[in-house]
Each structure stands twice: as structure tokens, then as C-alpha cells.
Amino acid sequence: WSAPLTGRHARATFPRVQALVRAGHRADEARDFEAAARAYREAVERDPLHLWAAARLAQTEVHRGDYRAAVRILERLLALDRGAEYAAQLAQVLIDLGGGGEARRVIERSRGFGTCERVHVLAGLAWSRSWYYPAAVREFRRALRLNPRSLPALGNLGCALHAMGR
């Protein structure tokens, strides 16, 4: 991937990137994974930090049966290591796409892991999606130590405890 876009060029490129992501999504829905991969790949080439396009490209590669390509894409995203908030965004995309295990790896590798409430909430969600509720409870409680009024942490903690029969 090339360097991230900045300034005027980024603003001019954004509508095209969004159009490519929409085209990839339409192709995905039509199960035309070749066309979807082309659209997502072009979007990522135009904006390497576009998390949704890159994560959807990885998922499309899985649909095409190219697991190695999907892993390479996720490793590139991980290598960017742009801090806890970036990791939280990437983890949210992966959770939305059903990749709880990948989301956990992203969260565990992020800088500032212990200082961002949102990262702990997302880690708890990733554990919950993997049906491992004790770890989810632990992460939701860590989030609550950072922000005792966190509604996402409180609500998800309740759900995880309920799932454990508590």
C-alpha cells in the first residue's frame, strides 16, 4: 500500500473511495467476489487507512478461498499500529464482520491498550462473540474501572453475566 493520503488530495479522493466501497458492497451482496475484491482493492490503494475497505477486502479474499491474502491484509492493518483508538476502530470493523479472534489479536497488540475504555469494551465484545464470557466480563470490568459510567460496558457486562448464569 502507498502512503496515506493527506490534505487536498485526500479530500478530492474521498468521494471516489466511498463510491468504490459501495460498489464492492453491491458486488459482495450479488456474490460476485471477484468484482468486490477489485473494488475494495482499488479503494485501499487510494486510501490505505480506510479500515472498512481493507477489512472487507480481507473478508472477500476469504470468500474467494485465498486465506493467505486475507491474513496479509490483516497483518498490514496491524502493522500500521496507529494507537489504541485506531485499534478500537479496526476491532469494531472485525467484530462487525464476525471476526472475534482477529479483533482480539488487534486489541492485544495495540499501543495504549490499558488506557482506553473503548478498547476494553471492544475486547469484551470480541470475547463474547467467541463465547468466552469470563474473559468478556474481565474486559468489561476493566472498562468500568476507567469509566464507571460507561453504558456500553455496563450493558454488555450484564449480558455476559446473564449468559454465564449469574
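Conventions used here
- Residues numbered from 1 in each chain as written.
- Predicted model: local features only at pLDDT ≥ 70, side-chain atom pairs only at ≥ 80, totals over all residues.
- Heavy atoms only, no water.
- Helix = DSSP H or I, 4+ residues; strand = E, 2+ residues; numbered from the N terminus.
- Buried < 20%, exposed > 50% of the residue type's maximum accessible area, 1.4 Å probe, protein only.
- Axes fitted to C-alpha atoms, helices over the stretch in contact; angles between N-to-C directions.
- Parallel < 35°, antiparallel > 145°, perpendicular 65-115°, else oblique.
- Left-handed = near helix turned anticlockwise from the far one by under 90°.
- Contact = heavy atoms within 4.5 Å.
- Expected span 1.5 Å × (residues − 1).
- pLDDT = per-residue confidence, 0-100.
- Nonpolar A, V, L, I, M, F, W, Y, C, P; charged D, E, K, R; others polar.
- Core = buried A, V, L, I, M, F, W, Y, C linked by side-chain atoms within 4.5 Å.
- Polar contact = N/O pair within 3.5 Å; in protein donor to acceptor, adjacent residues only side chain to side chain.

Once that is clear, we can look at the overall build of the protein. Scanning the protein from N- to C-terminus turns up 9 helices and 0 strands. Across the protein, helices and strands are ordered from the amino to the carboxyl terminus as α-α-α-α-α-α-α-α-α. Residue burial in the protein is summarised as follows: out of 166 residues, 46% are buried.

This part takes up the packing of helix α7 (residues 117-129) against helix α8 (residues 133-146). At a minimum axis distance of 8 Å, the contact between α7 and α8 shows a crossing angle of 165 degrees. With respect to each other, α7 and α8 are oriented roughly antiparallel. As α7 runs across α8, the sense of the crossing is left-handed. Every residue of α8 that contacts α7 at Glu117, His120, Val121, Ala123, Gly124, Leu125, Trp127 and Ser128 is listed here: Tyr133, Ala135, Ala136, Glu139, Phe140, Arg142, Ala143 and Leu146.

When the terminal C-alpha atoms of α8 are compared, their 20 Å separation across 14 residues agrees well with the 20 Å that a helix rising 1.5 Å per residue should span. Tucked into the core, α8 has its buried residues touching α7 and α9 (151-163).

Further remarks concern helix α3 (residues 51-63). Between the first and last C-alpha of α3 there are 18 Å, a value that for 13 residues agrees with the 18 Å anticipated at 1.5 Å per step. After α3 finishes, the residue Gly65 shows a positive phi value of roughly 90 degrees.

A separate point is the confidence of the model for the protein. Residues at a pLDDT of 70 or more form 70% of the protein, whose mean pLDDT is 78. Segment residues 1-9 is flagged for pLDDT under 50; beyond a separation of four residues in sequence, or across chains, it makes 15 contacts in the model.

Another point: the packing of helix α2 (residues 33-46) against α3. Taken N-terminus to C-terminus, the directions of α2 and α3 make an angle of 150 degrees; their axes are 9 Å apart at the nearest point. When the axes of α2 and α3 are compared, the pair comes out roughly antiparallel. You can see that α2 and α3 cross each other, and the crossing is left-handed. Two secondary-structure elements touch here, α2 through Phe33, Ala36, Ala37, Tyr40, Arg41, Ala43 and Val44 and α3 through Ala53, Ala54, Arg56, Leu57, Thr60, Glu61 and His63. Within the contact of α2 with α3, the residues separate by chemical class into 9 nonpolar, 2 polar and 3 charged.

We now examine the nonpolar core. Counting residues in hydrophobic clusters, the biggest one holds 19 residues, and the most contacted among them are Val21 and Ala43. The biggest single contributor to this core is α2, with 6 residues. Apart from residues lying up to four places away in sequence, Ala43 is in contact with Val17, Leu20, Val21 and Ala53. One finds Leu122, Trp127, Leu157 and Ala160 within the second-largest nonpolar core, a separate group that totals 15 residues.

With respect to the secondary-structure elements, Ser150 resides in the loop between α8 and α9. The buried category is assigned to Ser150, whose relative accessible area is 2%. For the pair Ser150 and Arg118, spaced 32 residues apart in sequence, the C-alpha to C-alpha distance is 9.1 Å. Filtering out sequence-adjacent residues up to four positions away, Ser150 remains in contact with Glu117, Val121 and Leu144. A distance of 3.3 Å separates the side chain of Ser150 from the backbone nitrogen of Ala153, its partner in a polar contact.

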